[in-house]
Amino acid sequence: MPQKPSKSPAGKGPRTPAAKAARVAAKRPKVALKAASKTISKTTSKTNQNVSQQRIVRALETIAAHLSAQGKPAAERESFKQADAFVWHPDGRLAAVPRVSRVEMFLLKGVDRMRDILMENTERFANGLPANNALLWGARGMGKSSLVKAAHASINAGRKPADRLKLIEIHREDIESLPALMEQLRASSFRFIVFCDDLSFDGNDASYKSLKAVLEGGIEGRPENVILYATSNRRHLLAREMIENERSTAINPGEAVEEKVSLSDRFGLWLGFHRCSQDEYLAMVGGYCSHFGVKIDDDALEREALEWSTTRGSRSGRVAWQFVQELAGRLGVKLAAT
């Protein structure tokens, strides 16, 4: 008797192993799609969490920065109480100098007129009165930087700690960071002498423009509690050959030279230092020997001092000091003030 074909549900095809396998295979993409959807959902959730965490971290960093900025002036005020002199570093750090290397004012000979002018200007500034930036220029070794440091010490003598001037030295190569230093000093209650020793510019150096803007010309200008003192061997802070080169190569020589020379014009005080006479040189030597207790016959002292200056080819305060160090070492005398 012939077998009847098995019936299959409508639309599902015959119930054979091959058909069943086909139906299972058809369901697999749906299962895979659901699994992928779950994975994407989890990944998206983690990504959103990471983004939220990053936003929280950035917000906390911003809050911390604001709190730090608010506390910075107080910390700076405390740091200025540590010493009367500092050295500026272009990374924004002020390094305290517990003991300044300086010469007593009465030992500086042959600079009486410049001493009186600078002292008067510095005292006015310390008392909150108008005062000028000062450029001390001229012969090397004649006490330009020594006079600045001695004036600072003399003004502070007898003053209360809160009224003392602060001396901040900025190195020539860091002059481009001067605006950042001004910004840091502006908010302080102290008054500052910003001092740059041996200031000059060579070649195509354009950093002098930063100094010009601070001295006069910038929209903020020089802070009221800051004055600038600089020393240089050049009156215009630029080599003569630079100025002559500007005259010979510029389209408008007059304007080119004015651009270079205008920097020194922004110092209200020009104090010129010139080579000392023989009598002034001997007075410097005698003053040092008397102050440090170096005892030698006057005739021998004069003869040796003049011979020393002749071998050096110049007479100056620096040469006098170098001779006294040589003499004291030879006589076994330590250079400690008596």
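Look up a bit, the structure's there.
Here is a short report on the structure shown in this document. (Residues numbered from 1 in each chain as written. Predicted model: local features only at pLDDT ≥ 70, side-chain atom pairs only at ≥ 80, totals over all residues. Heavy atoms only, no water.)

1. Considerations on the overall build of the chain
Which entries qualify depends on this criterion: Here a helix means four or more residues in a row that DSSP labels H or I, a strand means two or more in a row labelled E, and each is numbered from the N terminus. Accessibility here uses a 1.4 Å probe with only protein chains present; expressed as a share of the type maximum, an area under 20% marks a residue as buried, one over 50% as exposed, and anything in between as partly exposed. Contact definition: two residues touch when any of their heavy atoms are within 4.5 Å. Residue-level accessible areas treat just the shown protein chains as cover; the underlying method is Shrake-Rupley with a 1.4 Å probe.
Regarding its fold elements, the chain presents 10 helices and seven strands. Across the 338 residues of the chain, 36% fall into the buried class. Within the chain, contacts between residues at least 6 apart in sequence are counted, and of these 77% link residues at least 24 apart. Of the roughly 20,600 Å² of accessible surface on the chain, a fraction of 52% belongs to carbon and sulfur atoms.

2. A closer look at helix H9 (residues 298-312)
This is how the line gets drawn: For a helix, the expected span equals 1.5 Å multiplied by the number of residues minus one. The arc in question is traced by the directions running from the helix axis to the C-beta atoms. Two N or O atoms count as a polar contact when they lie within 3.5 Å, although within protein this holds only if one can serve as hydrogen donor and the other as acceptor, and sequence-adjacent residues are included solely when both atoms are side-chain atoms.
Here H9 contains 15 residues, and its C-alpha end-to-end distance of 21 Å stays within 8% of the 21 Å for a straight helix at 1.5 Å per residue. Taken residue by residue, H9 has Ala-300, Leu-301, Ala-305, Trp-308 and Ser-309 as its buried positions. Looking down the long axis of H9, one finds its buried residues gathered within 155 degrees of arc, a one-sided arrangement. For H9, the exposed residues lying more than 90 degrees away from the buried face are Asp-299, Arg-303, Glu-307, Thr-310 and Thr-311. The backbone nitrogen of Asp-299 has a side-chain oxygen 3.1 Å away, supplied by the residue at the start of H9, namely Asp-297. Where H9 ends, the next residue or the one after it, Gly-313, has phi of about 75 degrees, a positive value.

3. What about the nonpolar core?
Note the threshold: Nonpolar cores were defined as sets of buried Ala, Val, Leu, Ile, Met, Phe, Trp, Tyr and Cys residues, with membership established by side-chain atoms within 4.5 Å.
With 46 residues, the main nonpolar core has Leu-118, Tyr-281, Val-285 and Phe-323 as its most contacted residues. Of all the elements, helix H8 (residues 278-292) adds the most residues to this core, at seven residues. Sequence-distant contacts of Leu-118, defined by excluding residues within four places in its chain, comprise Ala-134, Leu-136, Leu-147, Val-148, Ala-151, Tyr-229 and Leu-271. Counting residues in each nonpolar core, the second largest holds 28 residues, with Phe-80, Ala-83, Trp-88 and Leu-135 among its members.

4. Remarks on the packing of helix H2 (residues 112-126) against helix H3 (residues 144-156)
The following threshold applies: For every element, the axis is a line fit to its C-alpha atoms; helices are fit only across the contacting stretch, and the angle between N-to-C directions ranges from 0 to 180 degrees. Throughout this description, any angle smaller than 35 degrees is read as roughly parallel, any larger than 145 degrees as roughly antiparallel, any in the 65 to 115 degree range as roughly perpendicular, and the remainder as oblique. Each crossing gets its handedness from the near helix: less than a right angle anticlockwise from the far helix is left-handed, clockwise is right-handed. Residue polarity follows a fixed list, in which Ala, Val, Leu, Ile, Met, Phe, Trp, Tyr, Cys and Pro are nonpolar, Asp, Glu, Lys and Arg are charged, and the others, Gly among them, are polar.
Close contact between H2 and H3 brings their axes to 10 Å; oriented N to C, the two are set at 45 degrees. Classified by the interaxial angle, the pair formed by H2 and H3 is oblique. Helix-helix and strand crossings are classified by hand; for H2 and H3 the assignment is right-handed. Side by side, H2 and H3 meet where Met-114, Arg-115, Leu-118, Met-119, Thr-122, Glu-123 and Ala-126 of the first sit next to Leu-147, Val-148, Ala-151, Ser-154 and Ile-155 of the second. Partitioned by chemical class, the residues of the contact of H2 with H3 number eight nonpolar, two polar and two charged.

5. Some points on the sheet that holds strand E7 (residues 269-273)
Which entries qualify depends on this criterion: Here, any two strands with at least 2 DSSP bridges between them count as paired.
With mixed pairing, the seven strands of this open sheet are ordered in space as E2-E1-E4-E5-E6-E3-E7. On the outer flanks of this sheet lie strand E2 (93-96) and E7, each paired with one strand and no other. With strand direction ignored, the average angle separating the axes of adjacent strands in the sheet is 25 degrees. For strand E4 (residues 165-169) and strand E5 (residues 191-196), the ladder comprises five bridges, and the chain directions are parallel. Bridge pairing links Ile-168 to Val-194 in E5. Packing against the sheet, H2 makes contact with strand E3 (134-138), E4, E5, strand E6 (226-232) and E7, and its axis sits at approximately 150 degrees to E7. Most of the contacts of H3 go to E4, to which it runs at about 155 degrees, and overall it touches E3, E4, E5, E6 and E7.

6. What to know about unusual backbone geometry
Its identity is not glycine, yet Asp-198 carries a phi of approximately 55 degrees, on the positive side. Note on placement: Asp-198 falls in the loop between E5 and helix H5 (208-215). For Asp-198, a relative accessible area of 44% puts it in the partly exposed group.

7. A word on the environment of Phe-201
Along the chain, the position of Phe-201 falls in the loop between E5 and H5. Each C-alpha atom, one on Phe-201 and one on Glu-173, is 9.9 Å from the other, the two residues being 28 residues apart in sequence.

8. Focus on the packing of aromatic side chains
Rule in force here: To pair, rings of Phe, Tyr and Trp, with the six-membered ring standing in for Trp, must have centres within 6.5 Å; the planes then decide the type, stacked if under 30 degrees apart, edge-to-face if over 60, and tilted in the middle. Criterion for a charge above a ring: Arg CZ or Lys NZ at most 6 Å from the ring centre, at most 35 degrees from the ring normal.
Following the criterion strictly, the structure yields six aromatic pairs and no others. Judged by centre distance (5.6 Å) and plane angle (85 degrees), the ring pair of Phe-80 and Phe-86 falls under edge-to-face. The class for Phe-80 is buried, based on a relative accessible area of 1%. Exposure remark for Phe-86: the relative accessible area of 3% places this residue in the buried category. An aromatic cluster is defined as three or more aromatic residues linked by ring pairs; in this entry it consists of Phe-80, Phe-86, Phe-190 and Phe-192. Sitting over the face of the ring of Phe-190, Lys-166 holds its NZ or CZ atom 4.7 Å from the ring centroid. Directly above the aromatic system of Trp-308 lies the positively charged group of Arg-312, at a separation of 3.8 Å from the ring centroid.

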